[in-house]
Amino acid sequence: MTDFQYIKFTDTPSTPDVKKKNNRKAKILKTILFFIPESNPEYDEIICDVAEWQLEIDPTDNLPTREIGKDINGKIILIMPWRDNYGYWTDNNITIDYFKDHFKATNIDKSEFDKNWDAFAKNNPDNTN
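Note that the structure is predicted; figures quoted are calculated from it, not measured. (Residues numbered from 1 in each chain as written. Predicted model: local features only at pLDDT ≥ 70, side-chain atom pairs only at ≥ 80, totals over all residues. Heavy atoms only, no water.)

Visitor: Sorry, what's going on with the nonpolar core here?
Guide: As a rule of thumb, nonpolar side chains are buried together in soluble globular proteins. Ranked by internal contacts, the top residues of the largest apolar core, which has 25 residues, are Leu78 and Phe99. Secondary structure elements with two or more residues in this core: strand 1 (5-10), strand 2 (52-58), strand 4 (76-80), helix 2 (96-103) and helix 3 (110-123). It is strand 4 that contributes the most residues to this core, five residues altogether. Aside from chain neighbours lying at most four places away, what touches phenylalanine 99 is Ile7, Phe9, Leu55, Pro64, Trp89, Ile94, Lys104 and Ala105. (Core = buried A, V, L, I, M, F, W, Y, C linked by side-chain atoms within 4.5 Å. Buried < 20%, exposed > 50% of the residue type's maximum accessible area, 1.4 Å probe, protein only. Helix = DSSP H or I, 4+ residues; strand = E, 2+ residues; numbered from the N terminus. Contact = heavy atoms within 4.5 Å.)

Below is the structure:
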């Protein structure tokens, strides 16, 4: 069995004006498509605030299995899949090669990824049970 790979890359968070415009569009679409469940109900509004993504990549298909999003201050603001949130990158068929080519992704250690994942999970317990 091959070990998972872990990468990170930066993304440009949306400006307040762009975020406001996107939120308006999202509300209109949500109203029109109210009967279709959201893929990331807790995080749809903050995905645009992610400045750094960390991904766990499955070596069998080179696709992301878990993801972590940090804001511009380095604070972890989301992990996915988590609760009812499927994921942003994990819900697409984008391989590691694409991330490395288009986002200049670099490798990180499994321990860094797991530390960030566990810290978020500890600070956001699932109280739905």
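There's more to say after this.
Visitor: Can you walk me through the environment of threonine 60 in this structure?
Guide: You can see threonine 60 is positioned in the loop between strand 2 and strand 3 (63-70). Linking threonine 60 and phenylalanine 4, residues 56 residues apart in sequence, is a C-alpha distance of 8.9 Å. Side-chain polar atoms of threonine 60 contact the side chain of aspartate 58, separated by 2.7 Å. (Polar contact = N/O pair within 3.5 Å; in protein donor to acceptor, adjacent residues only side chain to side chain.)

Visitor: I tried to follow the sheet that holds strand 5 (residues 106-107) on my own but got confused; where do I start?
Guide: Strand order in this open sheet of five strands is 4-3-2-1-5, and the pairing throughout is antiparallel. On the outer flanks of this sheet lie strand 4 and strand 5, each paired with one strand and no other. Pairing analysis gives two bridges linking strand 1 to strand 5, with the strands arranged antiparallel. If you follow isoleucine 7 over to strand 5, its bridge partner there is asparagine 107. Packing against the sheet, helix 2 makes contact with strand 1, strand 2, strand 3 and strand 5, and its axis sits at approximately 30° to strand 1. Strands in contact with helix 3 are strand 1, strand 2, strand 3 and strand 4; relative to strand 3, the strand with the most contacts, it is inclined by about 60°. (Pairing = 2+ DSSP bridges. Axes fitted to C-alpha atoms, helices over the stretch in contact; angles between N-to-C directions.)

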